[in-house]
Amino acid sequence: MGRPKKIESILLILFLTSVFILGIIKIEDTDTWTHLSFGRWIWENKAIPLTEPFIKTSPPFPYNNWLFGFSFYTAYHFFGIYGVILLKALIVTVAFLILLRDSLRPYRNIPVAIVIMAATVIMSRTRFVERPDIFLMVFLPFSIFSLNAFVYDNKKYIYALPMVHMLWANSHTSIPLMFIPFGAFIAGGIIQRYLNRVSGGKEIFPFTPSSAQVKTIILIFILSFLFSLISPYFIKQYTVSSLALSSDWWKQEIMELQKPTWVNMKYPFIMAPLVILTFILNLFFSKTRRTVSLIHLILVIPFLYLSFTAMRFIFLAAIISGPVVARNISGLFKDKRWEGLLSGWVGVALTGIVILIYPLLILKYDIGPFSNERKITGFGINYDEVPEGALKYMDRRGIYGDVFNLFQWGGYITWRDFPRRRPFIDGRGFLDAGLLEKTVQFRKQSAVVRELEERYNFQAVLITYPILITDTPEAFADIDIAFHNLDWALVYWDDNSLLYLRRYKDYDRIIKEDEYRYIKPANGIRGIKPKIHDRDFRENLKRELERNAMETGSGRAYTLLGFVYNESGQFNEAINAFNRALKTGKGHVLDIYDGLAYAYLQLGDVKNSLRFYGKALSIYRSPTILYKVGVIYLSEKKDTEALKYLNEALSKNPNLVSIYPMLMDIYRRLGMKEELKRITRLYERAAIESGGEQHFKEGLKAYMSGNYELAIKEFKRSIEINPSNPVPYSNIGYIYYDIGDMKRAYEYHRKAIDIDPNHANSHYGLALVYKAWKDYDRAGFHWKEYLRIEPSGYYSRKAKEELKGLEGMSP
């Protein structure tokens with residue numbers, strides 16, 4: 001029994017309603033604010049800006065997305081934030097209406113179409129943002145839909161494409177993608193016509209454009225290209241997007257421009273084979289009618305390829321492939337053997353289940369592929385992504401003028417505060433690469449800060465927390481890893497921003513009243529540990545953390561405060577602080593669980609202590625926490641359980657020397673003589689290596705403090721104990737380079753590479769030494785070796801610059 005048309009219509013409406021609901025997301029993309037700022041400028045000035053109106057650091061640059069910005073600001077002008085979010089949700093829904101209609105041609109298999117479209121929503125929802133991408137989600141699918149409608153049913157939507165592409169060209173710099181669908185239908189259509197003609201009268205490809213249709217498509221293509229030039233930017237709209245995509249800085253520092261890997265994003269690795277598989281299945285298993293299309297194969301391949309070049313393009317591959325996959329699968333079910341499988345109420349039930357379940361998984365359970373903590377359903381702003389707390393503090397304290405900021409926040413500062421507050425940079429990809437590099441260097445290079453300060457005249461630095469890539473943050477106890485510069489004072493911080501003010505200028509009174517002199521929040525707990533034994537330091541630190549927790553409610557502050565309470569013996573206060581950190585959802589969960597477990601243990605509550613250690617281990621099998629659990633079981637005289645956890649801890653970190661005597665005692669009590677011998681041998685070796693590690697940490701601490709003599713001494717002690725570790729050799733090499741002793745710098749870097757030929761840091765160090773000796777060929781060789789081993793990151797970009805600088809230089 002077939003399905004009533006009314007039921008089918010209801011299913012389609014329900015699916016589109018689910019898309020609309022999933023599009024109602026609080027504003028979280030920081031580029032949104034740049035577009036709204038430009039839209040406001042256009043509204044107020046009744047013109048398109050021809051010069052940069054907002055930031056001093058920008059070169060002359062046109063706002064190529066002017067129609068998008070103006071449209072969304074218009075929604076804001078009349079309806080506020082509600083208008084912006086509703087307009088986004090509406091545009092996304094229109095995009096999926098087009099995709100759904102395209103998925104139903106020519107077979108109208110609603111269950112298959114909705115299942116595939118639901119998967120497409122999941123893969124593309126990351127781009128449900130107030131950015132020009134969502135106009136792309138309409139214009140590109142409409143182009144393909146119109147071409148399909150023309151070939152399949154001779155529908156005339158195709159004649160609207162020149163006007164559509166003119167709008168596209170004025171809305172988003174992705175207009176070059178227009179060439180792909182036209183190219184696929186023209187080239188694929190010609191190839192299919194040829195293969196049909198030489199097949200001896202057998203029609204291999206039933207859905208093939210006629211000669212007249214191919215000519216019409218070519219004509220519309222030419223007209224679309226000409227209409228796309230009707231823009232303030234003419235042909236430049238086709239080249240501007242390459243600015244960001246060709247920049248090493250953007251490709252390495254911006255997550256969405258990085259290449260997907262199986263670890264960080266599995267979608268393309270799953271999607272591409274499945275898409276190709278649907279073509280193969282059609283080719284070999286559809287007996288009654290071959291429904292495979294070369295046109296659609298040529299269409300999807302470029303987008304599948306793009307999905308492997310940058311994570312930003314995965315959504316494109318999804319929305320282009322979705323209708324093609326639905327059409328391929330529907331073609332299989334059109335075969336007489338399968339045609340009845342999804343007909344009638346079976347298909348209705350399947351479709352209904354999908355419509356109900358997939359948005360529920362996304363909205364409620366936030367699990368697996370549906371997880372995205374930035375996507376908060378509702379109206380308003382996701383303030384976790386912008387420095388609203390710091391800006392409110394600046395308002396209260398009268399801090400205005402130019403602000404040094406990282407690129408993520410420039411658009412929001414412009415939208416919220418321009419012209420009373422002007423950002424340093426924003427998220428546009430055309431900014432000078434050298435300037436972008438300085439935003440990385442400024443955290444630890446005072447000379448860079450002075451240069452930028454003198455040039456751009458800012459007295460406030462507003463930044464987010466760095467990612468500390470080191471196993472020894474305690475070496476940085478006296479250094480603020482977020483921004484180490486004694487000319488600047490930390491006066492405000494919360495869970496996502498830190499604000500520093502320039503000393504000895506306009507804000508001395510504020511600094512005197514508000515400066516944080518003891519806490520360095522970016523350094524975390526391990527940065528506090530080296531000084532926590534000092535009672536005066538601990539009490540001052542506690543006061544600062546209590547103040548911050550009261551003023552900002554920061555989860556980070558409550559976490560650090562809980563740690564300090566534990567160290568002060570205030571265990572009930574620690575439990576309260578850690579629980580408040582949990583409620584904020586912002587504190588570091590592993591540190592919180594670890595702290596709670598420790599506090600309960602000190603209060604004699606072993607059950608709750610093990611419960612929270614268990615929570616921590618369910619997130620990450622930390623060797624330190626495994627060790628702590630093992631010690632608890634050992635104290636409870638539960639040798640079997642203790643043995644399990646202590647051995648696992650040791651397998652993850654053989655340098656946890658204090659574990660070995662415990663295991664030796666257990667094996668001795670249990671009469672396990674062979675295990676006792678084995679662990680004794682490992683203990684002797686680990687004791688030697690751990691001694692070298694301690695000297696290495698002391699050397700690193702001295703190095704970071706500028707005490708080169710002590711650093712060399714400690715690194716050499718580390719080498720004496722563990723001569724097979726290349727890192728201390730390399731560090732000594734850099735110290736000698738810094739003090740100008742190139743011969744010794746060479747010797748130590750050479751030793752590091754003799755131990756490990758792939759030790760990247762010493763290849764870089766040798767390149768610097770050879771450059772100083774004017775041996776440019778060898779310098780170039782070692783920089784190339786560095787790039788082979790470390791192809792991305794700040795120093796990889798510096799190595800490329802150095803190699804470029806060596807061009808034309810002779811020995």
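Values in this document were obtained by computation on a predicted structure and should not be read as measured data.

Undergrad: Can you explain the overall build of the protein chain? Please cite residues and give values.
TA: Within the protein chain, the regular secondary structure consists of 35 helices and five strands. Relative to a compact globule of 811 residues, whose C-alpha radius of gyration would be 28 Å, the protein chain shows 31 Å and is just as compact. Taking all 811 residues of the protein chain together, the buried fraction comes to 54%. Counting only contacts in the protein chain whose residues sit at least 6 apart along the sequence, the fraction spanning at least 24 positions is 67%. As displayed, the protein chain offers around 37200 Å² of accessible surface, 58% of which is attributable to carbon and sulfur atoms. In the protein chain, the 101 positive side-chain charges and the 79 negative ones have mean positions that sit 8 Å from each other.

Undergrad: Please provide a residue-by-residue account of the pattern of salt bridges, values included.
TA: Going through the model one piece at a time under the given rule, you end up with 41 salt bridges. Note that Arg-420 is salt-bridged to Asp-395, the shortest N-O span being 3.5 Å. Of the two residues, Arg-420 sits in the loop between helix H16 (410-417) and strand E2 (421-423) while Asp-395 sits in helix H15 (residues 388-397), which places them 25 residues apart along the sequence. Residue Asp-417 is joined to Arg-420 by a salt bridge in which the shortest nitrogen-to-oxygen separation is 3.0 Å. The buried category is assigned to Asp-417, whose relative accessible area is 2%. According to the relative accessible area criterion, Arg-420 is partly exposed, its value standing at 39%.

Undergrad: Describe the pairing of strand E1 (residues 401-405), with residues and values.
TA: Burial within E1 is extensive, with four of its five residues counted as buried. Regarding the hand of the β-α-β motif, the stretch spanning E1, H16 and E2 is right-handed. Across three bridges, the pairing between E1 and strand E3 (residues 460-463) is parallel. Residue pairing in the sheet places Asn-405 in a bridge with Leu-462 of E3.

Undergrad: Explain a nonpolar patch on the surface to me, using residue names and the numbers behind them.
TA: On the surface, Trp-262, Phe-269, Ile-270, Leu-274, Ile-276, Leu-277, Ile-280, Leu-283, Phe-284, Ile-301 and Phe-308 cluster together into a nonpolar patch covering about 960 Å² of accessible area. Of all the secondary structure elements, the ones that give two or more residues to the nonpolar patch are helix H11 (267-285) and helix H12 (294-309). A per-element tally of the nonpolar patch places H11 first, with eight residues. If you trace the backbone, Ile-301 turns up in helix H12. Note on Ile-301: relative accessible area 43%, which makes it partly exposed.

Undergrad: For helix H17 (residues 433-441), give the residues involved together with the corresponding values.
TA: Leu-435, Leu-436, Glu-437, Lys-438, Thr-439 and Gln-441 are the residues of H17 that are buried. The inward-facing, buried residues of H17 abut helix H10 (248-253), E1, helix H18 (446-456) and helix H35 (794-806).

Undergrad: Talk me through the sheet that holds E1; I want residue IDs and the actual numbers.
TA: Adjacent strands of a sheet pair through backbone hydrogen bonds, lying either parallel or antiparallel. The five strands are arranged E2-E1-E3-E5-E4 in an open sheet whose pairing can be described as mixed. The open sheet has two edge strands with one neighbour each: E2 and strand E4 (488-493). Here the average twist between neighbouring strands, direction ignored, is 30°. Across three bridges, E1 lies against E2 in parallel orientation.

Undergrad: Explain the packing of H17 against H18 residue by residue, including any values.
TA: Angle between the axes and distance between the axes are the two parameters that describe a pair of packed helices. The geometry of H17 relative to H18 is characterised by a closest axis approach of 9 Å and an angle of 125° between their N-to-C directions. Between H17 and H18, the crossing angle belongs to the class labelled oblique. Judged by the twist between their axes, the crossing of H17 over H18 is left-handed. Along its contact with H17, which presents Leu-435, Lys-438 and Gln-441, the element H18 presents Val-448, Glu-451, Leu-452 and Tyr-456.

Undergrad: Lay out unusual backbone geometry with the relevant residues and their values.
TA: Residues Arg-105 and Pro-106 are joined by a peptide bond in cis, for which omega reads 5°. Cis geometry marks the peptide bond from Phe-418 to Pro-419; its omega dihedral reads 10°. Here Pro-419 shows up in the loop between H16 and E2. The phi dihedral of Phe-234 falls on the positive side, at around 50°, and the residue is not glycine. Along the chain, Phe-234 falls in the loop between helix H8 (211-228) and helix H9 (242-245). Phi is positive for Tyr-504, close to 65°, though the residue is something other than glycine. Within the secondary structure, Tyr-504 sits in the loop between strand E5 (498-502) and helix H19 (508-514).

Undergrad: I'd like a rundown of the side chain of Glu-802, residues and numbers included.
TA: Residue placement: Glu-802 occurs in helix H35. By relative accessible area, Glu-802 is classed as buried at 16%. Within polar-contact distance, the side chain of Glu-802 engages the side chain of Lys-771 at 2.8 Å. Among residues more than four places away in sequence, those in contact with Glu-802 are Lys-771 and Trp-783.

Undergrad: How would you sum up the packing of aromatic side chains? Please name residues and give values.
TA: For the coordinates displayed, the defined rule picks out 50 aromatic pairs. Aromatic side chains Trp-262 and Phe-269 sit 6.1 Å apart centroid to centroid with 80° between the ring planes, which places their arrangement in the edge-to-face category. By the ring-pair criterion, three or more aromatic residues cluster together here, those being Trp-33, Trp-43, Phe-70, Tyr-73, Tyr-76, Phe-78, Phe-79, Tyr-412 and Trp-415. Above the plane of the ring of Tyr-465 lies Arg-556, whose end atom (NZ or CZ) is 3.6 Å from the centre. For Lys-751, the ring lying beneath its charged end belongs to Tyr-748, and the centroid distance is 4.8 Å.

Basis of the calculations
- For every chain, the first residue of the written sequence is number 1, and numbering continues from 1 onward in sequence order.
- Reporting of local features is limited, given that this is a predicted model, to residues whose pLDDT is at least 70; pairs of side-chain atoms are given and counted only at 80 or more, and all residues count toward the totals for whole chains, interfaces and linings.
- The basis for every side-chain value is the complete set of non-hydrogen atoms in the structure, without hydrogens or water.
- Numbering of helices and strands starts at the N terminus; helices are DSSP runs of H or I of at least 4 residues and strands are runs of E of at least 2.
- Put simply, the radius of gyration uses C-alpha atoms, and a globule should come to 2.2 Å times the residue count raised to 0.38.
- Buried means the residue's accessible area, taken with a 1.4 Å probe over protein chains only, is under 20% of the maximum for its type, while exposed means over 50%, and partly exposed covers the values in between.
- Here a residue-residue contact requires only that any non-hydrogen atoms of the pair lie within 4.5 Å.
- Using the Shrake-Rupley algorithm and a 1.4 Å probe, accessible areas are obtained, with residue cover drawn only from the displayed protein chains.
- Positive residues here are Lys and Arg, negative ones are Asp and Glu, while His and the chain termini are left out of the count.
- Charge positions are represented by NZ for Lys, CZ for Arg, CG for Asp and CD for Glu.
- Each reported salt bridge corresponds to a side-chain nitrogen of Lys or Arg within 4 Å of a carboxyl oxygen of Asp or Glu.
- With its strands directed away from the observer, a crossover is right-handed exactly when the path from the first strand over the helix to the second travels clockwise.
- The pairing criterion is simple: DSSP has to find at least two bridges between the two strands.
- What goes into a patch is any residue over 30% in relative accessible area without a salt bridge, connected to like charges within 9 Å or, for nonpolar side chains (Val, Leu, Ile, Met, Phe, Trp, Tyr), within 5 Å.
- Lines fitted to the C-alpha atoms define the axes, with helices restricted to the stretch that makes contact. Angles between their N-to-C directions range from 0 to 180 degrees.
- Each angle gets one of four labels, with under 35 degrees taken as roughly parallel, over 145 as roughly antiparallel, 65 to 115 as roughly perpendicular, and the rest as oblique.
- Handedness of a crossing is defined here by the sense of rotation of the near helix relative to the far one, left-handed for an anticlockwise turn of less than a right angle and right-handed for a clockwise turn.
- As used in this structure description, the phrase polar contact means that two N or O atoms lie within 3.5 Å; if the pair is within protein, one of them must be able to donate a hydrogen and the other to accept it, and residues adjacent in sequence are counted only when both atoms belong to side chains.
- Ring geometry is summarised as follows: Phe, Tyr and Trp rings, the Trp one being its six-membered ring, pair when their centres sit within 6.5 Å, and such pairs are stacked at plane angles under 30 degrees, edge-to-face over 60 and tilted between the two.
- Whether a charge sits over a ring depends on NZ of Lys or CZ of Arg being within 6 Å of the ring centre and within 35 degrees of the ring normal.

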